[in-house]
Amino acid sequence: MKVGYELLGCALHGHALVGTDAATVRDADALLVREDTAGLRWHRCLRCDAWVPRGVPPQPARDTVPGEDEIEVPLRGRPLRDRYVLRLIALDRALHVVGLALLGTVVLLFAAYREAWGPTAAQILGILQATLGGPVGHGGPTLLVEAERAFEVPARTLYGLAAVLIAYAVLEAVEAVGLWYAKRWAEYLTFVATTVLLVPEVWELTHGPTPTKILALLVNLAVVVYLLVAKRLFGLRGGGRAEAAERAHDTGWAAVERAGPGTDRLTAR
């Protein structure tokens, strides 16, 4: 089923109407505003093309409906679709930023204070295992063994791991901001970073697939395919020129004129 991104935009932000404060409606305004015989005005939404009824303003703020050079046409068509998809990916990256930043902070704190935490952690894990009726490890190393291994990791390794996690969080944050504002460089950055991640994700699946791992892989595959095909990266399907031409075709006043409905499509929304 085709998603009506224009309808979604109007549901979130309201219809984009012009001339609702005009004193008079001229024949030249028929593309945007029309007045029926009962004196009711029909205003065309510049985003979804629906015709919305409005009464004559009791105190008009202007004499006539604004002209083409005074109107800012909202995003519609494929550019509007791309905005929603890119912002959805940006939100996904924002979640990654939070998780990576928290994990990096925990590793950093552990590296700095593990000597002070060691005895207390051992006591807590010992009590936990005793409470649960014996060693906890699901057939593998017990909690105490795993804790001992963590405390034996060199400090340099822990600080290096924390630095990598925080650096990756910064990278994801840059991706999220760039994608939110639909920057072309962010699309390339996200494609490369996500593609690199596919290798360890596939490797992880071969060593024990879980629903979470499978879902993460599918999401990243969808992101890669969308950026490569829909956004025409690396010259695919005409590259940046074709993407810019597609955007120009679906935006601006020319797009409004091409989609101009006839009187038979007047519909209250």
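If you're wondering where the values come from, they're calculated on a predicted model, not measured in any experiment. (Residues numbered from 1 in each chain as written. Predicted model: local features only at pLDDT ≥ 70, side-chain atom pairs only at ≥ 80, totals over all residues. Heavy atoms only, no water.)

1. So, the overall build of the protein chain
Argument step 1. Scanning the protein chain from terminus to terminus reveals eight helices and three strands.
Argument step 2. If you list the helices and strands of the protein chain from N to C, you get α-β-β-β-α-α-α-α-α-α-α.
Argument step 3. Surface accessibility of the protein chain: about 16,100 Å² in total, with carbon and sulfur atoms responsible for 65%. (Helix = DSSP H or I, 4+ residues; strand = E, 2+ residues; numbered from the N terminus. Areas by Shrake-Rupley, 256 points an atom, 1.4 Å probe, with all protein chains shown as cover.)

2. Here's the deal with the packing of aromatic side chains
Argument step 1. Enumeration according to the criterion identifies three aromatic pairs in this entry.
Argument step 2. Arranged with centres 5.0 Å apart and planes meeting at 90°, the rings of Y188 and F234 form a pair that is edge-to-face. Residue Y188 is found in helix α5 (residues 184-206), and its partner F234 is found in the loop between α6 (211-230) and α7 (239-250); the two are separated by 46 residues along the sequence.
Argument step 3. On the accessibility criterion, Y188 (27% relative accessible area) is partly exposed.
Argument step 4. In this structure an aromatic cluster arises from ring pairing among Y188, F191 and F234. (Phe/Tyr/Trp six-rings, centres within 6.5 Å; stacked < 30°, edge-to-face > 60°. Buried < 20%, exposed > 50% of the residue type's maximum accessible area, 1.4 Å probe, protein only.)

3. A look at the pattern of salt bridges
Argument step 1. Inspection of the entire model under this criterion finds 17 salt bridges.
Argument step 2. Among the salt bridges present, the one from E70 reaches R62, with a minimum N-O distance of 3.2 Å.
Argument step 3. On the basis of relative accessible area, R62 is assigned to the partly exposed category, the value being 27%.
Argument step 4. We note a salt bridge from R81 to D82, for which the minimum N-O separation is 2.8 Å.
Argument step 5. The exposure class assigned to D82 is buried, which follows from its relative accessible area of 5%.
Argument step 6. Connected through salt bridges with shared partners, the residues R81, D82, R184, E187, K231 and E243 form a single ionic network. (Salt bridge = Lys/Arg side-chain N within 4 Å of Asp/Glu carboxyl O.)

4. Some thoughts on the packing of α5 against α6
Argument step 1. Where α5 contacts α6, the two axes come as close as 9 Å, and the packing angle between them is 150°. Taken as axis vectors, α5 and α6 run roughly antiparallel relative to one another. In terms of crossing hand, the pair formed by α5 and α6 is left-handed. Listed contacts from α6 to E187, T190, F191, T194, T195, L198, E201, V202, E204 and L205 of α5 are K213, I214, A216, L217, N220, L221, V223, V224, L227 and L228.
Argument step 2. Along the lines of polarity and charge, the residues of the contact of α5 with α6 split into twelve nonpolar, four polar and four charged. (Axes fitted to C-alpha atoms, helices over the stretch in contact; angles between N-to-C directions. Parallel < 35°, antiparallel > 145°, perpendicular 65-115°, else oblique. Left-handed = near helix turned anticlockwise from the far one by under 90°. Contact = heavy atoms within 4.5 Å. Nonpolar A, V, L, I, M, F, W, Y, C, P; charged D, E, K, R; others polar.)

5. Examining the pairing of strand β3 (residues 51-54)
Argument step 1. Alignment of strand β2 (residues 41-44) against β3, held across four bridges, turns out to be antiparallel. Bridge pairing in β3 links W42 to P53.
Argument step 2. Adjacent in sequence and paired antiparallel, β2 and β3 are bridged by six residues, among which D49 carries a positive phi angle near 70°. (Pairing = 2+ DSSP bridges.)

6. Things to note about the sheet that holds strand β1 (residues 33-35)
Argument step 1. Strands sit in the order β1-β2-β3 across an open sheet of three strands; the sheet is antiparallel. A single partner strand is all that each edge strand has here, and the edge strands are β1 and β3. The sheet shows a mean angle of 25° between the axes of neighbouring strands, taken without regard to direction.

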